[in-house]
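The chain contents come next:
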Amino acid sequence: MQSKRAEKNSPSMALMAVFLAYALVMGIIENRIPFDFFVPGVKLGLANVVILASIYLFPARDALKILLMKCLLTAIATGTGFSLLYSLSGGLLSFLAMVTLAGLPGNPLSPIGVSVIGAVAHNFGQILVASAVVGALSVMAYLPVLIVSGVVTGILVGVAAKGLLHLARRHARHVWKKPRKIL
Amino acid sequence: MNRRDILIIATFLLFAGVWGAVKLVAGFGDARDAEAVAEISVAGKIVDILPMSGEERDVSIVGALGPLTVRVGSGTAYVAASSCPSQDCVRAGKITSRGQCVACLPNRALIRVKGGATANANSEVDAIAE
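Residues numbered from 1 in each chain as written. Chains lettered and ligands numbered in written order. Predicted model: local features only at pLDDT ≥ 70, side-chain atom pairs only at ≥ 80, totals over all residues.

**Student:** I tried to follow the overall build of chain A on my own but got confused; where do I start?
**Tutor:** Counting its secondary structure elements, chain A contains 7 helices and 0 strands. Each helix and strand of chain A, ordered N terminal to C terminal, gives the series α-α-α-α-α-α-α. For chain A, buried positions account for 47% of its 183 residues. (Helix = DSSP H or I, 4+ residues; strand = E, 2+ residues; numbered from the N terminus. Buried ≥ 20, exposed ≤ 12 C-beta atoms within 10 Å, placed from the backbone.)

**Student:** Just checking my understanding: could you explain the nonpolar core for this structure?
**Tutor:** Judged by nonpolar contacts, the single largest core of 81 residues is most densely connected at Val49(A), Ile51(A), Ala103(B) and Ile111(B). The greatest single-element share of this core, amounting to 12 residues, is contributed by helix H7 (residues 143–171) of chain A. Formed jointly, this core draws a minimum of three residues from each of two domains, domain 1 (1–30) and domain 2 (32–129) of chain B. (Core = buried A, V, L, I, M, F, W, Y, C linked by C-beta atoms within 7 Å. Domains from an automatic or database assignment.)

**Student:** Is there a simple way to think about the interface of chain A and chain B in this case?
**Tutor:** With 30 residues of chain A in contact, the opposing surface of chain B contributes 33 residues. Every element with two or more residues in the side of chain A that touches chain B is listed here: helix H5 (81–102), helix H6 (111–134) and H7 of chain A. When residues of the side of chain A that touches chain B are assigned to their parent elements, the largest contribution, 9 residues, is made by H6(A). The residue inventory of the side of chain A that touches chain B, partitioned by class, reads 24 nonpolar, 6 polar and no charged. (Contact = placed C-beta atoms within 7 Å. Nonpolar A, V, L, I, M, F, W, Y, C, P; charged D, E, K, R; others polar.)

**Student:** Before we go on, may I ask you to explain the packing of helix H2 (residues 13–32) of chain A against helix H3 (residues 47–57) of chain A in this structure?
**Tutor:** Each packed pair of helices is defined by two parameters, the angle between the axes and the distance between the axes. Residues and elements named next belong to chain A. The geometry of H2 relative to H3 is characterised by a closest axis approach of 7 Å and an angle of 155° between their N-to-C directions. Here H3 runs roughly antiparallel to H2, going by the angle between their axes. Contact residues: H2 offers Phe-19, Tyr-22, Ala-23, Met-26 and Gly-27, while H3 offers Ala-47, Val-49, Val-50, Ile-51 and Ser-54. (Axes fitted to C-alpha atoms, helices over the stretch in contact; angles between N-to-C directions. Parallel < 35°, antiparallel > 145°, perpendicular 65-115°, else oblique.)

**Student:** Would you take a moment to explain H6(A) for this structure?
**Tutor:** Owing to its 3.6 residues per turn, the α-helix aligns residues three or four sequence positions apart on the same side. Residue and element names in this part refer to chain A. Taking 1.5 Å of rise per residue, the 24 residues of H6 would be expected to cover 34 Å, and the 34 Å separating its terminal C-alpha atoms lies within 8% of that figure. Most of H6 sits inside the fold, with 19 of its 24 residues counted as buried. Positioned one or two residues after H6, Gly-135 has a phi angle of 70°, which is positive. (Expected span 1.5 Å × (residues − 1).)

**Student:** Would you mind showing me how to read the pairing of strand S1 (residues 37–42) of chain B here?
**Tutor:** Along any regular strand the residues' side chains alternate between the sheet's two faces. Residue and element names in this part refer to chain B. The buried fraction of S1 is high, at 5 of 6 residues. Bridge analysis of S1 against strand S2 (residues 45–51) gives 6 bridges, and the strand direction is antiparallel. If you follow Ala-38 over to S2, its bridge partner there is Leu-50. Here 6 bridges tie S1 to strand S7 (residues 109–114), and the two strands are oriented antiparallel to one another. The residue bridging Ser-41 from the neighbouring strand is Leu-110, located in S7. (Pairing = 2+ DSSP bridges.)

**Student:** Just to check I follow, could you spell out the sheet that holds strand S3 (residues 57–62) of chain B for this structure?
**Tutor:** Whenever strands of a sheet pair, they do so through backbone hydrogen bonds, lying parallel or antiparallel. All names here are of chain B. Strands sit in the order S3-S4-S5 across an open sheet of 3 strands; the sheet is antiparallel. Two strands in the sheet have a free side with no partner beyond their single neighbour: S3 and strand S5 (76–82). Here the average twist between neighbouring strands, direction ignored, is 25°. Pairing analysis gives 6 bridges linking strand S4 (residues 67–73) to S5, with the strands arranged antiparallel.

**Student:** Would you take a moment to explain the environment of Gly27(A) for this structure?
**Tutor:** All names here are of chain A. Along the polypeptide, Gly-27 turns up in helix H2. Here the alpha-carbon distance between Gly-27 and Thr-74, two residues 47 residues apart in the chain, equals 7.5 Å. Residues within four places of Gly-27 in sequence aside, it is in contact with Ala-47 and Thr-74.

**Student:** How do you make sense of the pairing of S4(B) when you look at a structure like this?
**Tutor:** Residues and elements named next belong to chain B. Only one face of S4 is covered, namely the one carrying Leu-68, Val-70 and Val-72; the face carrying Pro-67, Thr-69, Arg-71 and Gly-73 has none of its residues buried. Pairing analysis gives 6 bridges linking S3 to S4, with the strands arranged antiparallel. By the bridge assignment, Ser-60 is partnered in S4 with Thr-69. The hairpin turn running from S4 into S5, its antiparallel successor, is 2 residues long, and Ser-74 in that turn takes a positive phi close to 55°.

**Student:** When you look at the packing of helix H4 (residues 60–78) of chain A against H5(A) in this model, what are you seeing that I'm missing?
**Tutor:** Residue and element names in this part refer to chain A. Following both chains from N to C, one finds H4 and H5 inclined at 165°, their axes separated by 10 Å at the closest point. Put simply, H4 runs roughly antiparallel to H5. For the pair H4 and H5, the crossing hand works out as right-handed. Side by side, H4 and H5 meet where Ala-60, Leu-64, Leu-67, Cys-71, Thr-74 and Ala-75 of the first sit next to Ser-83, Leu-84, Ser-87, Leu-88, Gly-91, Phe-95 and Val-99 of the second. Split into classes, the residues belonging to the contact of H4 with H5 amount to 9 nonpolar, 4 polar and no charged. (Left-handed = near helix turned anticlockwise from the far one by under 90°.)

**Student:** Please clarify how the environment of Ala21(A) should be interpreted in this entry.
**Tutor:** Inspection of the secondary structure puts Ala21(A) in helix H2. Considered as a pair, Ala21(A) and Ile55(A) are 34 residues apart in the sequence and their alpha carbons are 16 Å apart.

**Student:** Quick question: what am I supposed to make of unusual backbone geometry here?
**Tutor:** Where the residue is not glycine, phi is negative for most of them; where a peptide bond is considered, it is trans in most cases. Its identity as a non-glycine residue notwithstanding, Asn107(A) has a phi of 45°, on the positive side. With 19 C-beta atoms counted inside 10 Å, the residue Asn107(A) sits in the partly exposed group. The phi dihedral of Ala43(B) is positive, around 55°, even though this residue is not glycine. When you line up the elements, Ala43(B) lands in the loop between S1 and S2.

So, in structure tokens, the structure goes:
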């Protein structure tokens, strides 16, 4: 009985694994194709396409599992201890903002708006940690730059996530019995 | 993208624009007599302060991860070499004007310009680098 209910409410382990794999591949692609021509260190946040789509498709706790696994596995594969700290600080703040906004009744924001706020929240979380790490608040002076870059990357990621959501709803309709209404 | 999305995007851009403009205007009133210096700190502790005028010279500092070479002189300061894996601090390039900074997060190092003239509106953006 218990397992039957779990089956109904959450996506299969296989689907979550597919999404986690998507997120990891996005991370690898991003490492290979740097996007930081204008501001070194700024990232496009391709993996966020998958996280954002997961928020719309899966229950929040399952989307959170995908995010945490993605941060952990990326850090083990490519990063240092510090990079886990940065990706978690930005990732969790961004996740919290996006889950809250995507879950609002009546969907006041489209995935693009949710993505923009998520990207800005991500950058804000990272600059907070960066300030603490170098021990100087003057790093905050770059917040305007990071807000603008968050808006730009947020729009791009939002458009991509919308595309992914359309595909997911078209090709795997049987998986999501009651897909959350979007757009 | 609906109207509320556009409103949120516009709010963010307006906020960033106003902040940038205020910073720029605030800079004009300040005295320019002080000589520009590069202040180097690691984990919040100042390890060196160097005038940015004069010939370029290298300063070796010990970061949290390993050594870091900062080159200061000819009105600029930049990270010439770093022991960090990402090298974003090296790629961040030169800083010249007051208020600008380059950070190397793995090394917990921060180089910032104090005193001297402020940045122009069209000055290049430098970076927070991991």
